[in-house]
Amino acid sequence: MATNHYDVVIVGGGLAGLSAAAYLSSRGKKIALLERGALGGRAVTLKIKGFNFNFGAHAIYSRDTSVLRTFEKELDLHIDWQDFNPNKAKYDLGDALTDVPANLQGLFRTKVLKGLDKVMFTFEVLKTMLKMETGHPHLSIQKWMEKKHVSEDVQEMMLTLASSNFFTREPEKIPSDVFFQYYRRLFTTNKPVAYIGGGWQALIDEFVRVIEQNNGTILTKTKVESLRVEDDRVVAAVTAEGEITGDEFISCIPPKEMVKVFKDTKLEHAISQYASYDPTYVVVYDVGLKNRIDVPYTYIYDKQNNIFITDISYYDTTCVPEGGQLLQATAYINQSDLGNKENIEQRKAEIEQLYDKHFPGWREELVVPRVSTRAVVQEIKWTMTQKPMPTFLPDYRNLFFAGDWCEGQGQLSELSFSSAYQVSNLILEK
Ligand SMILES: Cc1cc2nc3c(=O)[nH]c(=O)nc-3n(C[C@H](O)[C@H](O)[C@H](O)COP(=O)(O)OP(=O)(O)OC[C@H]3O[C@@H](n4cnc5c(N)ncnc54)[C@H](O)[C@@H]3O)c2cc1C
């Protein structure tokens with residue numbers, strides 16, 4: 001590999017690395033993006049027998065106020081937004097289906113809340129929107145609601161919401177300040193959930209288009225083994241083929257990888273703390289069906305078992321062969337379930353039962369199942385005992401961090417985009 005010097009070297013070609021590379025190159029920086037495998041990271045779209053399986057529903061929350069929307073405007077990305085229809089979202093209560101109170105109509109019709117509790121819930125939503133509830137970093141959402149004497153049914157409603165948005169079976173552990181910050185955005189948006197036509201791949205292609213148009217360098221199958229440091233600066237990314245030097249560096253690789261790359265540097269100890277935190281894991285069980293099984297809803301959340309199914313092909317018709325259907329099911333899991341094969345098998349069986357219940361005949365139509373028993377939805381789960389990583393540390397002032405394990409706005413990919421946007425601007429302002 002010819003030695004080359006760059007303004008910014010970006011390590012990791014997931015959504016954080018790609019968006020930072022696109023943004024910085026569009027602003028005139030000479031960038032190199034180094035990715036050990038293929039571009040996209042966890043935001044992968046796998047083509048199997050004519051079905052495009054996205055890892056995750058690629059649901060973008062509050063898209064109108066999202067950082068992805070900012071990237072879309074500033075980089076002139078072409079994104080085919082497919083907005084979620086809240087009238088087609090249901091909670092499965094075991095013996096009945098009911099509306100998700102995702103809008104006024106849903107709130108009016110839902111059976112999850114009764115009479116006065118609907119008014120109280122609306123009041124909680126209003127208080128959140130008006131910043132009258134801000135929470136406290138040292139109180140979990142559960143403790144906060146108890147302190148505020150929120151009725152039990154409204155508490156349960158808030159925790160059900162949090163469970164579905166934070167992909168967790170333990171929503172009560174979410175810090176209350178994080179909870180209110182998250183829902184302030186979600187409650188004030190006109191576009192709570194949207195999918196991307198063409199899936200994650202369409203988005204990756206758009207970032208690559210911008211990088212290439214601005215003469216950025218993308219090196220795939222290029223694993224960074226270590227970073228060479230001198231005093232208080234990072235000077236080079238070391239790969240098997242040679243060194244890539246730069247003025248600024250952005251590390252867009254998860255802490256568990258970073259800790260290897262930063263071995264023997266001043267950051268080894270600091271990073272090992274974040275590497276020790278638990279990620280948010282889920283079981284994914286998607287199915288590609290030959291023929292559509294039409295039902296009156298596109299999203300079902302099994303409240304008891306914390307499993308949701310999305311009929312993704314209803315929104316993104318490009319992900320299936322003609323007449324087909326792609327259903328995505330995700331089961332949230334407890335950390336303790338991870339090492340327990342039986343519990344994981346049990347979760348898979350529960351997903352199949354939910355398919356049986358709501359999409360009868362799916363087994364006969366099945367062309368391809370896609371199962372992942374240990375999918376990392378977010379590298380650091382936000383609980384009272386874990387926190388996201390800062391976007392820079394004082395030891396090396398030309399080194400930044402971005403990814404869904406970093407501080408930023410929202411959860412999931414929004415954390416990757418917001419941290420990438422923030423560090424890119426810090427570099428541009430230098
Ligand atoms: C099942 C599932 C469902 C999801 N659903 C949603 C959803 O609906 N909405 C949403 O917004 N988000 C969702 N997500 C989360 C979203 O996929 C992630 O937040 C996002 O893709 C993270 O991107 P990232 O760039 O921060 O990290 P990553 O994708 O982890 O990227 C890190 C990259 O670094 C590379 N790398 C690692 N080590 C090295 C090295 N030494 N040298 C070079 N490269 C290296 C990796 O190969 C990878 O490409 C879901 C995730 C999963 C798994």
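Residues numbered from 1 in each chain as written. Predicted model: local features only at pLDDT ≥ 70, side-chain atom pairs only at ≥ 80, totals over all residues.

Considerations on the overall build of the protein chain
Argument step 1. Along the backbone of the protein chain there are 14 helices and 19 strands.
Argument step 2. For 430 residues, the compact-globule formula gives about 22 Å, and the C-alpha radius of gyration of the protein chain, at 22 Å, lands near that figure.
Argument step 3. Referenced to the eigenvectors of the C-alpha coordinate spread, the extents of the protein chain come out at roughly 65 × 55 × 45 Å.
Argument step 4. In the protein chain, buried positions account for 49% of the 430 residues.
Argument step 5. Within the protein chain, residue pairs in contact and separated by at least 24 positions form 70% of the contacts whose partners lie at least 6 positions apart. (Helix = DSSP H or I, 4+ residues; strand = E, 2+ residues; numbered from the N terminus. Rg over C-alpha atoms; globule rule 2.2 N^0.38 Å. Buried ≥ 20, exposed ≤ 12 C-beta atoms within 10 Å, placed from the backbone. Contact = placed C-beta atoms within 7 Å.)

Here we look at the packing of helix 4 (residues 115–129) against helix 6 (residues 152–166)
Argument step 1. Two elements in contact, helix 4 and helix 6, have axes separated by 9 Å at closest approach and are oriented at 50°. Compared by their axis directions, helix 4 and helix 6 come out oblique. Helix-helix and strand crossings are classified by hand; for helix 4 and helix 6 the assignment is right-handed. When helix 4 is examined against helix 6, the residues Asp117, Met120, Phe121 and Glu124 are found in contact with a partner set consisting of Asp153, Val154, Met157 and Met158.
Argument step 2. Partitioned by chemical class, the residues of the contact of helix 4 with helix 6 number five nonpolar, no polar and three charged. (Axes fitted to C-alpha atoms, helices over the stretch in contact; angles between N-to-C directions. Parallel < 35°, antiparallel > 145°, perpendicular 65-115°, else oblique. Left-handed = near helix turned anticlockwise from the far one by under 90°. Nonpolar A, V, L, I, M, F, W, Y, C, P; charged D, E, K, R; others polar.)

Thoughts on unusual backbone geometry
Argument step 1. A positive phi angle is found at His149, which is not glycine, with a value near 55°.
Argument step 2. Along the chain, His149 turns up in the loop between helix 5 (141–147) and helix 6.
Argument step 3. Taking the C-beta count within 10 Å as the criterion, His149 has 7 such neighbours and is therefore assigned exposed.
Argument step 4. Phi angles above zero are rare outside glycine, and Leu412 is one such case at about 50°.
Argument step 5. Inspection of the secondary structure assignment puts Leu412 in the loop between strand 19 (399–401) and helix 14 (413–428).
Argument step 6. On the basis of neighbour counts, which here come to 22 C-beta atoms within 10 Å, the residue Leu412 falls in the buried class.

So, the sheet that holds strand 9 (residues 193–196)
Argument step 1. Ordered by their spatial adjacency, three strands build an open sheet running 5-9-6, and the pairing between neighbours is antiparallel. Only two strands of the sheet have a single neighbouring strand rather than two, namely strand 5 (60–61) and strand 6 (81–83).
Argument step 2. Note that strand 6 and strand 9 share three bridges and pair antiparallel. Bridge pairing in strand 9 links Gln82 to Tyr195. (Pairing = 2+ DSSP bridges.)

Some points on the site of the ligand
Argument step 1. Near the ligand you find 39 residues, and of these Gly12, Gly14, Gly41, Gly56 and Ser413 are the closest.
Argument step 2. Residue assignment for the shell around the ligand shows that the elements contributing at least two residues are helix 1 (15–26), helix 9 (255–261), strand 14 (280–289), strand 18 (366–378) and helix 14.
Argument step 3. Broken down by element, the shell around the ligand gets its largest block of residues, four residues, from strand 18. (Near = placed C-beta within 6 Å.)

Observations concerning the packing of helix 2 (residues 67–75) against helix 14
A packed helix pair is summarised by two numbers, namely the angle formed by the two axes and the spacing between the axes.
Argument step 1. Across the interface, helix 2 lies against helix 14 with an axial gap of 8 Å and an inter-helix angle of 55°. Here helix 2 lies oblique to helix 14, going by the angle between them. Seen from helix 2, the contacting residues are Val67, Leu68, Thr70 and Phe71; seen from helix 14, they are Glu414, Phe417, Ser418 and Tyr421.
Argument step 2. Looking at the contact of helix 2 with helix 14 residue by residue, the classes come out as five nonpolar, two polar and one charged.

Some details on the sheet that holds strand 7 (residues 89–92)
Argument step 1. Taken in spatial order, the seven strands line up as 8-7-15-16-17-14-18 in an open sheet, and their pairing is mixed. On the outer flanks of this sheet lie strand 8 (97–99) and strand 18, each paired with one strand and no other. The mean angle between the axes of side-by-side strands here comes to 20°, regardless of whether they run parallel or antiparallel.
Argument step 2. Sheet topology note: the strand 14/strand 18 ladder contains nine bridges and is antiparallel. Residue pairing in the sheet places Leu289 in a bridge with Leu366 of strand 18.
Argument step 3. Relative to strand 17 (residues 325–332), helix 12 (residues 341–358) is tilted by about 135°, and along the sheet it contacts strand 14, strand 15 (299–302), strand 16 (307–311), strand 17 and strand 18.

Concerning the nonpolar core
Argument step 1. Counting residues in hydrophobic clusters, the biggest one holds 131 residues, and the most contacted among them are Val9, Ile10, Ala20 and Ala402.
Argument step 2. Looking at this core element by element, the count peaks at eight residues for helix 1.
Argument step 3. Not counting chain neighbours up to four residues away, the residues in contact with Val9 comprise Ala32, Leu34, Ala237, Ile244, Gly246 and Phe249. (Core = buried A, V, L, I, M, F, W, Y, C linked by C-beta atoms within 7 Å.)

Re the domain arrangement of the protein chain
Many analyses report the size of an interface as the accessible area lost when the parts associate.
Argument step 1. Once the domains are mapped, the protein chain shows domain 1 (5–43 + 67–79 + 198–277 + 382–429), domain 2 (100–187) and domain 3 (280–378).
Argument step 2. Opposite the eight residues of domain 2 that make contact, domain 3 presents 10 residues.
Argument step 3. Of the residues assigned to the side of domain 2 that touches domain 3, the class counts are two nonpolar, four polar and two charged. (Domains from an automatic or database assignment.)

Some remarks on the pairing of strand 16
Argument step 1. For strand 16, the buried fraction is high: five of the five residues fall into the buried class.
Argument step 2. A two-sided burial pattern is seen for strand 16, the buried positions comprising Ile307, Ile309 and Asp311 on one face and Phe308 and Thr310 on the other.
Argument step 3. As judged from the four bridges shared by strand 15 and strand 16, these two strands associate in the antiparallel manner. Counterpart to Asp302 in the pairing with strand 16 is Ile307.
Argument step 4. Between strand 15 and the antiparallel strand that follows it, strand 16, lie four residues; Asn306 among them carries a positive phi value of about 55°.
Argument step 5. Of the pairings in the sheet, the one linking strand 16 to strand 17 comprises five bridges and is antiparallel in character. Pairing of Asp311 across the sheet is with Leu327, part of strand 17.

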